[in-house]
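# Breakdown of the fold
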Amino acid sequence: MATDSRRIYILKSAEPQPGPVVYWMQRDQRTTDNWALLYAQEQALAMKQPLMVVFCLVPGFLGATIRQYGFMLRGLALVERKLAKLHIPFNLLIGLPQDVIPRFLVENDAGMLVTDFNPVKGPMEWRRRLTEHIVIPFFEVDAHNIIPCRYISDKQEYAAFTLRKKVERLLPEFLTEFPSVLKHPDFFKPDVVQRVDWNELLKSLPVKREVPEVDWLLPGELEACAAMVQFLGERLDKYDTDRNFPDRSGQSNLSPYLHFGHLSAQRLALEVQRSSANPASKKAFLEELIVRRELADNFCLYNPNYDRLIGFQPWAKATLNKHRNDPREYGYSLEEFEEGKTHDPLWNAAQHEMVKKGKMHGFMRMYWAKKILEWTVSPEEALEIALYLNDKYQLDGRDPNGYAGIAWSIGGVHDRPWGERKVFGMIRYMNYQGCKRKFNIDNYIRNVSKS
Ligand code: FAD
Ligand code: FO1
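A few words now on the domain arrangement of the chain. Looking at the chain, the domain boundaries give domain 1 (5–144), domain 2 (148–178 + 221–302) and domain 3 (309–450). Measuring from the centre of the C-alpha atoms in domain 1 to the corresponding centre in domain 2 gives 25 Å. Buried surface at the junction of domain 1 and domain 2, summed over both partners, amounts to about 2,400 Å²; 55% is from carbon and sulfur atoms. Inspection of the domain 1/domain 2 interface yields five salt bridges. The interface formed by domain 1 and domain 2 contains 15 residue pairs in polar contact (both at pLDDT 80 or more). Elements supplying a minimum of two residues to the side of domain 1 that touches domain 2: helix H1 (35–46) and helix H2 (66–85).

As structure tokens, this is what we get:
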């Protein structure tokens, strides 16, 4: 089964040349259920060439700390081992892709370059700069979205309901099973079969180390699969009733695996569809996993200002500007937010959950971001603080879901205008009383302090 051509986007057209096919693994860091790896192998087999995988380690990527790099590198160590068994060498390069990949391609006489899809600004820039330094064909394969992001829509979608119609129409064509990666024939043994010294790398990597690694979630595609099976067996059934209650463990906890690509969303959706769990929960989960998540990629792909006020809808910019000088009842600095030292014990608990666990409950993320808008002097400062803290502490940070989630909370992206009020204008409002009516706040605060 060949990879659906609608997943493939030509980054650089050129005549294929003899030589190995190189898959630059970037966002989808797994060997199974990975359309970019499968396409690269199809091409290599068709041209009777070896297949090589390369990963570019970029220290200091968007302020990431040892918490995220540790999770990622431990996952890549497993990728290296699994690829070796498939006779597909894995190479780790350190530096910016546009600086280190061209040399790697020349050293290995590569004939074609394949990478996966990533709408985040930095990685998009890496791809663009790389096309200026290579002369071989360069393809991008969307291995992250079930329905390829560039195919499902050619513009920024206004809200979930506009994208949902397209998802419902196209899902049957794209939510299909995967072929397996084959053991690659030894057309010739590439002499570069580097063994990465992962422990040395983890020790010496020049990244910030004040945010410790987490221990409640183990990295890598095998652990991701085990976590998926555990969620399907134990928690999917009550997802529609429990997912929005921070004092219950109703979420899947799979976002770190989806963010680093250890788990394919398409695999997860297939297994949810096959599950015998309560249909309302399956529907609710697939809505989040497919419509909400793929809407976030659409937002980042078509809106380069996804993390700035100018990227929001005109009604939202107008209403936030109109209320820019409203008096703020409370005001906190980045340090006070970061240390969870506001007057609100619920907000502080959400902050502590994120700092300690590396994953804040989904419902609390909305409340958390909206209160930052309420307690800062401007929407610009609110955005800056929310993005900084989210990307520094969340294991699943630096992700389109985060940029879309923060833009929704502070800038009404993918939302509609609500009743006008101080500071928020017509941006949807949330408050402590609303949370109190919805769930047991004391239980949530107690659970966080115990974790
Ligand atoms: P589950 O409820 O089990 O959902 C399963 C999957 O569906 C998630 O992993 C995710 O891929 C997708 N999903 C669920 N809710 C959303 C949503 N609202 N938007 C997009 N996709 C969704 N998600 C991140 O991955 N990284 C972030 O940095 C991030 N920051 C956020 C910041 C704010 C202010 C808000 C409001 C939301 C943010 N989200 C982020 C989206 C959502 O909160 C998380 O994806 C979810 O809580 C992850 O936990 P889970 O996998 O256990 O979720
Ligand atoms: N992608 C890379 O290709 N190289 C990196 O060194 C790298 C570091 C990194 C650190 C934290 C993090 O959350 C993501 C990181 N990514 C890296 C990108 C990641 O794989 C995703 O592509 C993006 O965050 C978009 O979701």
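This part is about the site of ligand 2. Of all residues adjacent to ligand 2, which total 21 residues, the nearest are Cys56, Val58, Asn118, His259 and Arg398. At 2.7 Å from an oxygen atom of ligand 2 is found a main-chain nitrogen or oxygen belonging to Val58. Arg398 has a polar backbone atom sitting 2.7 Å from an oxygen atom of ligand 2. Burial of ligand 2 by the surrounding chains reaches 100%, relative to a free accessible area of 520 Å². Cavity membership is defined here by more than half of the atoms lying within 2 Å of grid points; on that basis ligand 2 lies in the largest cavity.

Below, the discussion takes up the pairing of strand E5 (residues 112–116). Where burial is concerned, most of E5 is hidden: five out of the five residues are buried. Summarising the sheet, strand E2 (residues 21–24) and E5 pair through four bridges and their orientation is parallel. Bridging from a neighbouring strand, Trp24 pairs with Thr115 of E5. As judged from the four bridges shared by E5 and strand E6 (residues 138–141), these two strands associate in the parallel manner. Among the inter-strand pairings, Asp116 is bridged to a residue of E6, identified as Val141.

With that out of the way, let us pick up the site of ligand 1. Surrounding ligand 1, one finds 26 residues, the nearest of these being Tyr239, Ser252, Asn253, Asn390 and Asp396. Within the side chain of Asn390, a nitrogen or oxygen atom sits 2.9 Å from an oxygen atom of ligand 1. Here ligand 1 loses 93% of its free accessible area of 820 Å² to cover by the protein chains. In terms of residue class, the shell around ligand 1 is made up of eight nonpolar, eleven polar and seven charged. Looking at the shell around ligand 1, you find at least three residues from each of domain 2 (148–178 + 221–302) and domain 3 (309–450).

With that out of the way, let us pick up the pattern of salt bridges. Tallying each qualifying case throughout the model produces 33 salt bridges. Across the salt bridge formed by Lys341 and Glu339, the nearest N and O atoms sit 3.0 Å from each other. Of the residues examined, Lys341 reaches a relative accessible area of 53% and is grouped as exposed. Using a relative accessible area of 42% as the deciding quantity, one classes Glu339 as partly exposed. Among the ionic pairs, Asp415 bridges to Arg428, the shortest N-O distance being 2.7 Å. Of this pair, Asp415 sits in the loop between helix H18 (400–411) and helix H19 (432–438) while Arg428 sits in the loop between H18 and H19, and the two are 13 residues apart along the sequence. Residue Asp415 is classed as buried on the basis of its relative accessible area, which comes to 8%. Residues joined by salt bridges that share partners form a network here, namely Asp33, Glu177, Arg267, Glu271 and Arg274.

The angle between the axes and the distance between the axes are what describe a pair of packed helices. Contact geometry of helix H12 (residues 279–302) with H18 gives a least axis separation of 8 Å together with a crossing angle of 85 degrees. The pairing of H12 with H18 is recorded here as roughly perpendicular in orientation. Residues Arg293, Ala296, Asp297, Phe299 and Cys300 of H12 form the contact with H18, whose participating residues are Pro400, Asn401, Tyr403, Ala404 and Ala407. Split by residue class, the contact of H12 with H18 holds seven nonpolar, one polar and two charged.

What follows concerns empty space enclosed by the protein. Enumeration according to the criterion identifies one cavity of 30 Å³ or more in this entry. Taken as a whole, the largest cavity spans an internal volume of roughly 300 Å³. In terms of lining, the largest cavity is formed by 21 residues, of which the most central are Gln26, Gln29, Phe61, Met72 and Phe260. Sorting the residues of the lining of the largest cavity by element identifies strand E3 (51–57), H2 and helix H4 (121–131) as the ones contributing at least two each. Of the residues in the lining of the largest cavity, the class split is 13 nonpolar, five polar and three charged.

Each value, and the rule that gives it
Residues numbered from 1 in each chain as written. Chains lettered and ligands numbered in written order. Predicted model: local features only at pLDDT ≥ 70, side-chain atom pairs only at ≥ 80, totals over all residues. Heavy atoms only, no water. Domains from an automatic or database assignment. Buried area = accessible area lost by both parts, 1.4 Å probe. Salt bridge = Lys/Arg side-chain N within 4 Å of Asp/Glu carboxyl O. Polar contact = N/O pair within 3.5 Å; in protein donor to acceptor, adjacent residues only side chain to side chain. Helix = DSSP H or I, 4+ residues; strand = E, 2+ residues; numbered from the N terminus. Near = heavy atom within 4 Å. Areas by Shrake-Rupley, 256 points an atom, 1.4 Å probe, with all protein chains shown as cover. 1 Å grid on protein atoms, 1.4 Å probe; cavity = no way out; pocket = protein on both sides within 12 Å on 5 of 7 lines; lining within 4 Å. Sits in = over half its atoms within 2 Å of the grid points. Buried < 20%, exposed > 50% of the residue type's maximum accessible area, 1.4 Å probe, protein only. Pairing = 2+ DSSP bridges. Nonpolar A, V, L, I, M, F, W, Y, C, P; charged D, E, K, R; others polar. Axes fitted to C-alpha atoms, helices over the stretch in contact; angles between N-to-C directions. Parallel < 35°, antiparallel > 145°, perpendicular 65-115°, else oblique. Contact = heavy atoms within 4.5 Å. Points joined across faces, edges and corners; volume = space filled by probe spheres on them.

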